[in-house]
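What follows is the residue order along each chain.
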There are 2 protein chains.
Amino acid sequence: MNLPAVLSLLLVVSTVQAFQYTELTQFIDSHQEEYVETLRDWVAIESDSSNVMRRKDLHRMMDVVAQKLRLMGGTVELVDIGEQELPDGQTLLLLPKVVTAQFGTDVNKHTVCVYGHVDVQPAKLEDGWATDPYNLTDINGHLYGRGASDNKAPVLAWIHAVGAYQALNMELPVNVKFVIEGMEETGSNGLDAMILAQRDTFFSDVDYIIISDCGWLSRRPALTYGTRGNCYFFAEVEGPKQDLHSGVYGGTVIEPMTDLIGILDTLISPNGKILIPGIREAVAPLSDEEWKMYQDIQFDVEDYKNKIGVSQLMYSNKVDLLAHRWRYPTVTIHGIEGAFSDPGTKTVIPAKVTAKFSIRQVPDMDPAMVEKQVTDYLHSVFAKRKSPNKLKVTMVIGAKPWLADTQHPLYEAGKIAIKRVFDMDADLIREGGTIPIARTFQDVLGKSIIMMPIGGFDDGMHSQNEKMSRYNYIEGTKLFISYLNEVSQIQKISV
Amino acid sequence: MNLPAVLSLLLVVSTVQAFQYTELTQFIDSHQEEYVETLRDWVAIESDSSNVMRRKDLHRMMDVVAQKLRLMGGTVELVDIGEQELPDGQTLLLLPKVVTAQFGTDVNKHTVCVYGHVDVQPAKLEDGWATDPYNLTDINGHLYGRGASDNKAPVLAWIHAVGAYQALNMELPVNVKFVIEGMEETGSNGLDAMILAQRDTFFSDVDYIIISDCGWLSRRPALTYGTRGNCYFFAEVEGPKQDLHSGVYGGTVIEPMTDLIGILDTLISPNGKILIPGIREAVAPLSDEEWKMYQDIQFDVEDYKNKIGVSQLMYSNKVDLLAHRWRYPTVTIHGIEGAFSDPGTKTVIPAKVTAKFSIRQVPDMDPAMVEKQVTDYLHSVFAKRKSPNKLKVTMVIGAKPWLADTQHPLYEAGKIAIKRVFDMDADLIREGGTIPIARTFQDVLGKSIIMMPIGGFDDGMHSQNEKMSRYNYIEGTKLFISYLNEVSQIQKISV
């Protein structure tokens, strides 16, 4: 691929028929209610992959996806990816099968593979949702529900994009494959092995990977060229053999909770500086070019503050904020398991407490190195306390960051498709969150990847009141229709 | 009461009939299974006063107590003590009524008032109970169940003690009153006001208050002459208007959880030193006499370590341990509400987190002063972080410590009763936990109080697998029978 990207776009692959954009988008508009109903059905399935009690729902969710793709005439498989070992080290739980599907086998066309997931983060009404998180609720054109934006609507938008071509008896401009999983929210357990196993079969003819598991930065449509990785840790401090009455025993026992708070407080300074030796040193320096690019991105700091609802952010200027969202690591303490967490008062000395915290990964950090740095550091600060309690540090997720070349024809095609559908220039952005599978597709398959989000900047993924706008859902479907056509225009690499 | 205690015991109040100890204890032994069944019925009622969802069970529990006392011919009232304002500041919830009862009105006899409670701490099987906490389970003579020892069995033992005299048509040696409440575990809401309101009516003829809401220190029976108080705090840090995705927002937001961990870590040092200015200075110094008394108490440090299941305690010698259990303050961090506390992983930045911690109170600390010291201190350490988040510190319980005179005839009578039933000398001990109502009885009514525990040293009150031994339950009932007789021997104060 030495030709300049712009030139390559002019070389049209011969077999592709004329692109009937208007007919396709009219079809999408006229089927909007049907698409919303399907999303409602999908959101109603509580496919929370982190809750083992919901595993049946998760299996059902995968069956629903497979059935939908089968009814469209795809070649569909439910791929067994084995079992999951629960933290007790003994129980094995069946992982949700991965759905693969194929539409079109024309060797003269490009083959894209759309990756998505249909599992969701936990959600309970009492967490502060205004509506039942599993009953899709339309308020002023915003469709509220857990998983609506992350990632059920984008997956459906891709399916509907393919479906529209079929319904209108138009030939797909490229072959389209799907890989839909059900464990993304807990680290895509089993998927890496499945991709490796099918590298020379299902994935052998795939040219490009498309992922739509993220969101825009503003009201301007975006293409995403990087994500942070994530190292998720459990730090467990264990003391007495069972919980104790704090009146009866307080003062004589060295309390695990005090120890845990003590070591957690050494992770990060009040002004956001990571205190674990070696972490900051591994981060690639910010280049002048990057700095300039960040300057040009549409991002309103005041809007961002208002949306979050805070009076002050960690940094006050746009470039620092974007850089610390996208290309610097950070530590978040998510919570503590085993301590008293209910409303009310309980006079307990918890016997075993487990902190959950994570460190977002950026180039050139290495999860294996981070695991060692964090483990060594926490054990060293714990040792200084001279506590008889036992500390166990475990890295339960170790996902690498991902970074793409924004000059690649996949991105040029994306810019054209966005311009056509939204009549706006795309922002080139990165993602603070983690889509570990991007890195796997890159490392294992050696394929080029594009991230093409359709989620809104204020969709509240992972938090209360997650939503997908009708606008993003429907215009997003049109974007995917348009993008399939643009990808077909990319010159075959074999030329 | 200037006569020496020993002398006073020799002056027998004339109306009391001869004490038929053997008949009474045989009656108790032959009714053991019936007593266990009644305890089973009581434990089956999930009267968790800290859980507003269980309020109906709590009301039912009070009705069951009232009905039992009524069937014994007592003059019983269910006293309305008003409503409870929930933390939202809006909802009012009916408090469980207080049960009062009276057996005997002979003005020539002493009148004792037995205080007890029938509400319980929270308990769930998944907290680590070996058996269903609300299904009393007999394993090797130990009766496992939430509330078995704290405080349902002791309340029943008092009721059965009175019932035995009645069943055998023996005159009660003293008039016996009962005050049984249902909010002890959350701070005895409403009870102080009720005691004040009935000071000149129900309580006017009460000579002595007896409380059996604690446990022995070893296998040797004990009399308790002091308890610690408790100041329970909520420290809430509020930031963003809702939970955020830690990937998407991490690095740009000043996280409430980091702030909270930071201020919690300033409460207490790894070696147990309270760091809040003014707290340690307020503690009464340990006298030589106290030190000698502690030296003589039966307390095996190795046993204590084994029971708790730790290799090392905060102090290694008996006197330091007992002193820090009984007469020094301590800080316990119980847990954090609003953060992620479930099993598994969740990549959330919690928007609002509330730490629960408590400081045990001892003479000469003053809860109002402690409230100010803690609030001022936390706000000052929080201010140093220069965080835009909001800190709110609230003291939700402020219970004073209590201390009795061990030379009082009530205690002399207790020693004799213990010697008779157990053929052992009583240990004079204090309690690390809090029984705030003791202080109220002392301050509001000006009555003398004795604490006469029958709970075992290893009953696990407030923790998993709470139990009451058949031995303690049944021999404890005999102790109460015997004690009623001994109290009748105390010379009337009016003499």
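Cut-offs used in this document
- Residues numbered from 1 in each chain as written.
- Chains lettered and ligands numbered in written order.
- Predicted model: local features only at pLDDT ≥ 70, side-chain atom pairs only at ≥ 80, totals over all residues.
- Heavy atoms only, no water.
- Helix = DSSP H or I, 4+ residues; strand = E, 2+ residues; numbered from the N terminus.
- Contact = heavy atoms within 4.5 Å.
- Areas by Shrake-Rupley, 256 points an atom, 1.4 Å probe, with all protein chains shown as cover.
- Lys, Arg positive; Asp, Glu negative; His and termini not counted.
- Charge placed at Lys NZ, Arg CZ, Asp CG, Glu CD.
- Axes fitted to C-alpha atoms, helices over the stretch in contact; angles between N-to-C directions.
- Parallel < 35°, antiparallel > 145°, perpendicular 65-115°, else oblique.
- Left-handed = near helix turned anticlockwise from the far one by under 90°.
- Salt bridge = Lys/Arg side-chain N within 4 Å of Asp/Glu carboxyl O.
- Polar contact = N/O pair within 3.5 Å; in protein donor to acceptor, adjacent residues only side chain to side chain.
- Nonpolar A, V, L, I, M, F, W, Y, C, P; charged D, E, K, R; others polar.
- Least-squares fit on C-alpha atoms with pLDDT ≥ 70 in both.
- Phe/Tyr/Trp six-rings, centres within 6.5 Å; stacked < 30°, edge-to-face > 60°.
- Buried < 20%, exposed > 50% of the residue type's maximum accessible area, 1.4 Å probe, protein only.
- Lys NZ or Arg CZ within 6 Å of the ring centre and 35° of its normal.
- Pairing = 2+ DSSP bridges.
- Domains from an automatic or database assignment.
- Buried area = accessible area lost by both parts, 1.4 Å probe.

Visitor: Mind laying out the overall build of chain A, listing which residues take part and the relevant values?
Guide: Helices and strands together make up the secondary structure of chain A, namely 15 helices and 20 strands. With respect to the principal axes defined by its C-alpha atoms, chain A has extents near 80 × 50 × 45 Å. Long-range pairs, those at least 24 residues apart, make up 80% of the contacts in chain A with a sequence separation of at least 6. A total of about 18,300 Å² of accessible surface is found on chain A, and carbon and sulfur atoms cover 49% of it. Across chain A, the 47 positively charged side chains and the 64 negatively charged ones have centroids separated by 3 Å.

Visitor: With reference to specific residues and values, describe the packing of helix α3 (residues 32–43) of chain B against helix α5 (residues 148–167) of chain B.
Guide: Residues and elements named next belong to chain B. Contact pair α3 / α5: the axes reach a minimum separation of 10 Å and the direction vectors enclose 135 degrees. The angle between the axes of α3 and α5 places the two elements in the oblique class. The handedness of the crossing between α3 and α5 is right-handed. Two secondary-structure elements touch here, α3 through Tyr-35, Thr-38, Leu-39, Trp-42 and Val-43 and α5 through Ala-148, Lys-152, Ala-153, Val-155, Leu-156, Ile-159 and His-160.

Visitor: Explain the interface of chain B and chain A residue by residue, including any values.
Guide: Taken residue by residue, the interface counts 87 residues in chain B and 87 residues in chain A. Summed over the shared surface of chain B and chain A, the result is two salt bridges. One salt bridge in this structure joins Asp342(A) and Lys124(B), with 4.0 Å as the shortest N-O distance. Run the count over chain B and chain A and you get 51 residue pairs in polar contact (both at pLDDT 80 or more). Element by element, the count of residues in the side of chain B that touches chain A is highest for strand β13 (residues 331–337) of chain B, at seven residues. Classifying every residue of the side of chain B that touches chain A gives 35 nonpolar, 34 polar and 18 charged.

Visitor: Tell me about the relation of the copies chain B and chain A, and please be specific about residues and values.
Guide: Both copies of the chain are related by a screw-like operation: a rotation about an axis and a shift along it. Take chain B, turn it by 180 degrees, move it 0.0 Å along the axis, and it overlays chain A with an RMSD of 0.0 Å. Considering both components of the superposition, the chain copies are consistent with a two-fold axis. Minimal C-alpha distance to the rotation axis in chain B is attained by Ile261(B), lying at 3.0 Å. When you check the interface residues of chain B against chain A, 100% turn up at the interface there too, and the contact is symmetric in its surfaces.

Visitor: Give me the packing of aromatic side chains: which residues, what numbers.
Guide: Scanning all chains against the criterion turns up 26 aromatic pairs over all chains. Judged by centre distance (5.7 Å) and plane angle (50 degrees), the rings of Phe19(A) and Tyr21(A) are tilted. The partly exposed category is assigned to Phe19(A), whose relative accessible area is 22%. Relative accessible area serves as the criterion here: at 18%, Tyr21(A) is assigned to the buried category. Connected via pairs of aromatic rings, a cluster forms that spans Tyr115(A), Phe202(A), Phe203(A) and Phe441(A). For Arg325(A), the ring lying beneath its charged end belongs to Tyr249(B), and the centroid distance is 5.4 Å. Directly above the ring of Tyr21(B) sits Arg420(B), whose terminal nitrogen or CZ lies 5.2 Å from the centroid.

Visitor: Any details on the pairing of strand β8 (residues 175–181) of chain B? Residues and values, ideally.
Guide: Residues and elements named next belong to chain B. Summarising burial for β8: seven of the seven residues are buried, a large majority. Going residue by residue along β8, you find Asn-175, Lys-177, Val-179 and Glu-181 tucked away on one face and Val-176, Phe-178 and Ile-180 tucked away on the opposite face as well. Where strand β5 (residues 111–117) and β8 come together, seven bridges link them in parallel fashion. Looking across to β8, one finds that Val-112 is bridged to Val-176.

Visitor: Can you explain the domain arrangement of chain A? Please cite residues and give values.
Guide: A common way to report how large an interface is uses the accessible area buried once the components associate. All names here are of chain A. The domain architecture assigned to chain A consists of domain 1 (5–227 + 401–488) and domain 2 (230–284 + 327–399). The centre of domain 1, based on its C-alpha atoms, is set 35 Å off from the matching centre of domain 2. On the side of domain 2, eight residues touch domain 1, which itself brings eight residues to the contact. In terms of surface lost to domain 2, no three residues of domain 1 exceed Pro-401, Arg-430 and Thr-434, which account for 65% of the buried area on that side. Inspection of the region where domain 1 meets domain 2 yields zero salt bridges. In this assembly, domain 1 and domain 2 are joined by one residue pair in polar contact (both at pLDDT 80 or more).

Visitor: Outline unusual backbone geometry, supporting the account with residue identities and numerical values.
Guide: Residue Asp364(A) follows Pro363(A) across a cis peptide bond; omega there is 5 degrees. Along the chain, Asp364(A) falls in the loop between β15 (352–361) and α12 (367–384). In this model, Asn465(A) sits at a positive phi of 60 degrees, which is unusual for a non-glycine residue. Examined against the element boundaries, Asn465(A) turns out to sit in the loop between β19 (448–451) and β20 (467–469). One non-glycine residue, Lys386(B), lies in the positive phi region at around 55 degrees. Position of Lys386(B) among the secondary structure elements: in the loop between α12 (367–384) and β16 (390–399).

Visitor: An account of the pairing of strand β13 (residues 331–337) of chain A is needed here, citing residue identities and associated values.
Guide: In regular strands, side chains alternate between the two faces of the sheet. Residues and elements named next belong to chain A. Most of β13 is tucked away: six of the seven residues are buried. Two elements, β13 and β15, share six bridges in a ladder whose sense is antiparallel. Its bridge partner lying in β15, Val-331 is registered against Ile-359.

Visitor: How would you explain the pattern of salt bridges if you had to name every residue and give the values?
Guide: Residue and element names in this part refer to chain A. Inspection of the entire model under this criterion finds 52 salt bridges over all chains. The shortest N-O distance in the salt bridge between Asp-57 and Arg-60 comes to 3.2 Å. Of this pair, Asp-57 and Arg-60 both sit in helix α4 (residues 55–71), three residues apart, which is roughly one turn of that helix. Judged by its relative accessible area of 42%, Arg-60 falls in the partly exposed class. Each of Glu-46, Arg-54, Asp-57 and Arg-60 takes part in a single network of salt bridges with overlapping partners.

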